[in-house]
Amino acid sequence: MTERPAPAPRDVDLFVVGGGINGCGIARDAAGRGLSVALAEMNDLASATSSASTKLFHGGLRYLEYLEVRLVRESLIERETLLAAMPHISWPMRFVLPYHPAMRFEGETPVSRILSFAMPWMKGRRPAWLIRLGLFFYDNLGGRKILPGTRTIDLTRDPAGAPLRPEFRKAFEYSDCWVEDSRLVVLNARDAEARGATILTRARVTSAAREGGVWAVTVDRGGETLHFRARALVNAGGPWVEDVIRNTVRINTSEGVRLVRGSHIVTRKLFDHDRCYFFQGEDGRIIFAIPYEQDFTLIGTTDKDHEGDPRAAVCTPEEQDYLCAFASRYFRKPVTRADIVWTYSGVRPLYDDGSKSATAATRDYVLSLDENGPPLLNVFGGKITTYRRLAEAAVAKLAPFFPQAKAPWTAGVALPGGDFPVSGVADLTDRLRAAHPYLDPYWAGRLIRAYGTEAAAMLEGAAAHADLGRDFGATLTEREVRWLMDREYARTAEDVVWRRSKLGLRMTPDQIAALDAFMSGAA
């Protein structure tokens, strides 16, 4: 039997390593500018940091303590740009910041040091007027148009005060946005592919070297070896960005990442309203308590320097205790580990700026361009709120090498399923239920929040529940699973129940195992 010749390398303008939000955002932006793009992700899309966030599009109120005004302003502007482009997976939320005059805060931030010098008698306390001033800047730095501004609330009268300890009598309420983080990644990948990009999942880049004026890239995809020649290489490896530089591209660098672990707990539902809480701790940290998946509460995050493999990140017992104790300083009823139904943890690849603590390390992004031959762009840091701006800036850095590239285009352009008004979710849900009366309110709402206008296409022709095929439990049907496999790169039950959705919170282990077996047979 003669050996088949290796397939010829495929030529592309841009090869992207990493299928998190930064990699998929860059692939989408570049493909939309007319560049030929390939992206390789060694696991599932959003399988690391990008599915383990606190799931907020926010300006970063606490970053004002560090005087990171440019980052906060850019993030605040982006909130509404992104909200308009994906109203199915992102929506406005109100945040309640309880205030007590005896609360003290650590003194290592720039604002703390200024206050210690100017107002030493406060001894770390924050007067209410100062917090309100910070929220005034937060309201106005980003040219807010959709989201309502800050107001002061009386916790003795407002329902938001009922779950809190009685010493909290006053709060400030401001706006930010929720986002379904892992779906954001998948929709960026889908849109990139629709614009001509090649998206390879479960495909590890084993080597990348400069050869003959291009990057020669080798990819192992399930035992199949693929070869690409790329005019430019983007390293969006997230927690592995430094490893890609040193061990895949094999070049020396003085730049590095600081791996910071952020852990979260999900508890049974702790309160009955739809607002979030912003809790401040005396150690300088903040946590959020957020209504989650209708029947749960999400609490996080921690900030701990992480050693070792990013894939080994877990919410440790110590972190669980820390989050429970932190929340219990605010909630009337203490939060205990017995309330926890799920935990998750992700490693944020922050640019190593030499900060003393993980909390103080910058969340800003750094784009480092190596022009010693065909260009290599290394992406460090960043936050989910600024992913689109990061992608735009990354392609702008590479634009001199691609004079044919078109102008920036992504601002306000809808992601798949997001082509409806921010205020249109209820109407879209009602129309889906009218067309498919077997859907109950939860089921219809879940489909609209996941797929937006594409939910109707998914259910097309299904006049009854039975037309959707096998029922896997928790409103997940064969019709939806096949959609996820055919259009959203899902290959395992984990992909479906923990990244394309959070139905793992509602399904039994036996149901998930049955789903995995079905998907293995259908692949």
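Peer 1: What am I meant to see in the packing of helix H2 (residues 69-85) against helix H8 (residues 387-398) here?
Peer 2: Angle between the axes and distance between the axes are the two parameters that describe a pair of packed helices. Interhelical geometry of H2 versus H8 gives an angle of 105° and a closest axis separation of 9 Å. Considering the angle they form, H2 stands roughly perpendicular to H8. Of H8, the residues touching H2 (which contributes Glu-74, Glu-78, Thr-81 and Leu-82) are Tyr-387, Arg-388 and Arg-389. Residues belonging to the contact of H2 with H8 are distributed by class as follows: two nonpolar, one polar and four charged.

Peer 1: What's the story with the pairing of strand E2 (residues 37-40) in this structure? I'm lost.
Peer 2: In summary, the side chains of a regular strand alternate between the two faces of the sheet. In E2, alternate side chains face the same way, and those of Val-37 and Leu-39 on one face and Ala-38 and Ala-40 on the other are all buried. As paired strands, strand E1 (residues 10-17) and E2 are joined by four bridges and run parallel to one another. In the sheet register, Phe-15 faces E2, and the bridge partner there is Ala-38. One crossover worth recording links E1 to the parallel E2 by way of helix H1 (residues 21-32), and it is right-handed. Pairing of E2 with strand E7 (residues 198-200), which is carried by three bridges, proceeds in the parallel orientation. What sits directly across from Leu-39, in E7, is Ile-199.

Peer 1: Sorry if this is basic, but what is going on with the nonpolar core here?
Peer 2: Looking at soluble globular proteins, one finds that nonpolar side chains tend to be buried together. Judged by nonpolar contacts, the single largest core of 47 residues is most densely connected at Leu-14, Ile-26, Val-37, Met-86, Leu-184 and Val-234. Once residues within four sequence positions are removed from consideration, Ile-26 is found in contact with Leu-14, Val-16, Val-234, Val-379, Leu-390, Ala-391, Ala-394 and Val-395. Counting 32 residues, the second largest nonpolar core, distinct from the first, contains Leu-97, Ala-128, Cys-276 and Phe-296.

Peer 1: Explain the environment of Ala-192 here, please?
Peer 2: In this fold, Ala-192 is placed in helix H5 (residues 181-194). Ignoring any residue separated from it by four or fewer positions in sequence, one finds Ala-192 in contact with Ala-27, Arg-28, Ala-31, Ala-197 and Ile-199.

Peer 1: Would you mind going over the side chain of Thr-386 with me for this structure?
Peer 2: Of note, Thr-386 is situated in the loop between strand E18 (376-381) and H8. Beyond its immediate sequence surroundings of up to four residues, Thr-386 is in contact with Glu-74, Ser-75 and Tyr-365.

Peer 1: In this structure, what is going on with the pattern of salt bridges? I would like to understand it.
Peer 2: Where charged atoms of side chains with opposite charge meet at close range, the side chains can pair. A complete count under the given rule lists 39 salt bridges for this structure. Arg-388 is the partner of Glu-78 in a salt bridge, and the nearest nitrogen-oxygen pair spans 2.8 Å. Note that Glu-78 is positioned in helix H2 and Arg-388 in helix H8, a separation of 310 residues in sequence.

Peer 1: Help me out: how do you make sense of the packing of helix H9 (residues 425-435) against helix H10 (residues 441-451) in this one?
Peer 2: Put simply, H9 and H10 touch, their axes get as near as 9 Å, and they point 120° apart. Looking at the two axes, H9 sits oblique to H10. The crossing of H9 and H10 is right-handed. Judged by residue contacts, Val-425, Leu-428, Thr-429, Leu-432 and Arg-433 of H9 engage Pro-441, Ala-444, Gly-445, Leu-447, Ile-448 and Arg-449 from H10. Its residues placed into classes, the contact of H9 with H10 shows seven nonpolar, two polar and two charged.

Peer 1: Just to check I follow, could you spell out H9 for this structure?
Peer 2: Of all the positions in H9, only Val-425, Leu-428, Thr-429 and Leu-432 are classed as buried. Projection of H9 onto a plane perpendicular to its axis shows the buried side chains occupying an angular sector of 100°, all on one side. Residues of H9 that are exposed and angled more than 90 degrees away from the buried face: Asp-430, Arg-431 and Ala-434. For H9, the elements touching its buried residues are H10 and helix H11 (454-458).

Peer 1: Mind showing me how you'd approach the state of the cysteines here?
Peer 2: Such a bond, covalent and formed between the sulfur atoms of two cysteines, is termed a disulfide. With the rule as written, the count across this model stands at zero disulfides. Here Cys-177 is not disulfide-linked; the sulfur of Cys-276 is the nearest cysteine sulfur, at 10 Å. With relative accessibility at 0%, the residue Cys-177 sits in the buried group.

Peer 1: Can you walk me through H8 in this structure?
Peer 2: Given 3.6 residues to a turn, an α-helix orients residues that are three or four positions apart in the same direction. Its twelve residues give H8 an end-to-end C-alpha distance of 17 Å, which sits within 8% of 16 Å, the value for a rise of 1.5 Å per residue. Those residues of H8 not exposed but buried are Tyr-387, Arg-388, Leu-390, Ala-391, Glu-392, Ala-394, Val-395 and Leu-398.

Peer 1: Looking at this structure, how should I read unusual backbone geometry?
Peer 2: Of all residues except glycine, most have a negative phi; of all peptide bonds, most are trans. In the segment running from Gly-300 into Thr-301, the intervening peptide bond is cis, with an omega of 20°. Secondary-structure assignment places Thr-301 in the loop between strand E14 (296-300) and strand E15 (304-305). The phi dihedral of Arg-250 falls on the positive side, at around 60°, and the residue is not glycine. With relative accessibility at 58%, the residue Arg-250 sits in the exposed group. Backbone geometry at Gln-294 places phi at a positive 70°, although glycine is not the residue there. Topologically, Gln-294 is positioned in the loop between strand E13 (286-292) and E14.

Peer 1: Before we go on, may I ask you to explain the packing of aromatic side chains in this structure?
Peer 2: One pair of aromatic rings is described through two measures. These are the centre distance and the angle between the planes. Taken as a whole and assessed by the stated rule, the structure comprises 24 aromatic pairs. Consider the rings of Trp-342 and Trp-498, whose centres lie 4.4 Å apart with planes at 20°: the pair is stacked. Remark: Trp-498 occurs in helix H13 (residues 493-500) and Trp-342 occurs in strand E16 (residues 340-351); sequence separation between them is 156 residues. For Trp-498, a relative accessible area of 22% puts it in the partly exposed group. Centre to centre, the rings of Tyr-351 and Phe-380 are 5.5 Å apart; their planes meet at 75°, and the pair counts as edge-to-face. Residue Tyr-351 is found in strand E16, and its partner Phe-380 is found in strand E18; the two are separated by 29 residues along the sequence. Look at Phe-380 and you get buried, because its relative accessible area is 0%. Taken together, the ring pairs connect Phe-168, Phe-271, Tyr-277, Phe-279, Tyr-330 and Phe-331 into an aromatic cluster. Lying across the ring of Phe-326, Arg-329 places its NZ or CZ 4.9 Å from the centre.

What counts and what doesn't
Residues numbered from 1 in each chain as written. Predicted model: local features only at pLDDT ≥ 70, side-chain atom pairs only at ≥ 80, totals over all residues. Heavy atoms only, no water. Axes fitted to C-alpha atoms, helices over the stretch in contact; angles between N-to-C directions. Helix = DSSP H or I, 4+ residues; strand = E, 2+ residues; numbered from the N terminus. Parallel < 35°, antiparallel > 145°, perpendicular 65-115°, else oblique. Contact = heavy atoms within 4.5 Å. Nonpolar A, V, L, I, M, F, W, Y, C, P; charged D, E, K, R; others polar. Buried < 20%, exposed > 50% of the residue type's maximum accessible area, 1.4 Å probe, protein only. Pairing = 2+ DSSP bridges. Right-handed = clockwise from strand over helix to strand, strands pointing away. Core = buried A, V, L, I, M, F, W, Y, C linked by side-chain atoms within 4.5 Å. Salt bridge = Lys/Arg side-chain N within 4 Å of Asp/Glu carboxyl O. Left-handed = near helix turned anticlockwise from the far one by under 90°. Arc of directions from axis to C-beta. Disulfide = S-S within 2.5 Å. Expected span 1.5 Å × (residues − 1). Phe/Tyr/Trp six-rings, centres within 6.5 Å; stacked < 30°, edge-to-face > 60°. Lys NZ or Arg CZ within 6 Å of the ring centre and 35° of its normal.

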